[in-house]
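What follows is each chain in one-letter form.
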Amino acid sequence: MENFSWKKYIKYLWNNNPGKISGVILGFVFSLSILIFGFFKTIFVLFFVGAGLFIGNKIDKKDDLFETAEDILDHIQKFIPPIFRR
């Protein structure tokens, strides 16, 4: 038991079960943020984190943001009734 190292054990767990460890950490953070901030505030933050990730990914890939925005707006417009369209 003298050679036991938490660092080695955590590294072993991460190398053999990265999905499980990530899921546990994300679940813990998500549940903790719901307890601290509330459900809707947490969803609000997660929505904008996702939007930021999406935009950052487009910038990294050197995609045209205006073309992407037009595609998204065209897709959204399909769900709007014709009476409300311009």
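Here goes a summary of the coordinates provided.

1. Remarks on the overall build of the protein
Scanning the protein from N- to C-terminus turns up four helices and zero strands. What you see in the protein, going N to C, is helices and strands ordered as α-α-α-α. For the protein, whose C-alpha radius of gyration is 21 Å, the value lies well above the compact-globule estimate of 12 Å for 86 residues. Along the longest, intermediate and shortest principal axes, the C-alpha atoms of the protein span 75 × 35 × 15 Å. Burial analysis of the protein (86 residues in total) assigns 3% to the buried set. Of the accessible surface of the protein, which amounts to about 8300 Å², a share of 70% is contributed by carbon and sulfur atoms. Side chains of the protein give 11 positive and 8 negative charges; the mean places of these two sets differ by 10 Å.

2. Some remarks on the side chain of Thr42
For Thr42, the location among the structural elements is in helix H3 (residues 39-60). Here the side chain of Thr42 touches Ser33 through a polar contact of 3.2 Å, landing on its backbone oxygen. Within the local environment of Thr42, its side chain forms a polar contact with the backbone oxygen of Gly38, the two atoms lying 2.7 Å apart. When sequence neighbours within four positions are dropped, the list of residues in contact with Thr42 reads Phe30, Ser33, Ile34 and Phe37.

Rules used throughout
Residues numbered from 1 in each chain as written. Predicted model: local features only at pLDDT ≥ 70, side-chain atom pairs only at ≥ 80, totals over all residues. Heavy atoms only, no water. Helix = DSSP H or I, 4+ residues; strand = E, 2+ residues; numbered from the N terminus. Rg over C-alpha atoms; globule rule 2.2 N^0.38 Å. Buried < 20%, exposed > 50% of the residue type's maximum accessible area, 1.4 Å probe, protein only. Areas by Shrake-Rupley, 256 points an atom, 1.4 Å probe, with all protein chains shown as cover. Lys, Arg positive; Asp, Glu negative; His and termini not counted. Charge placed at Lys NZ, Arg CZ, Asp CG, Glu CD. Polar contact = N/O pair within 3.5 Å; in protein donor to acceptor, adjacent residues only side chain to side chain. Contact = heavy atoms within 4.5 Å.

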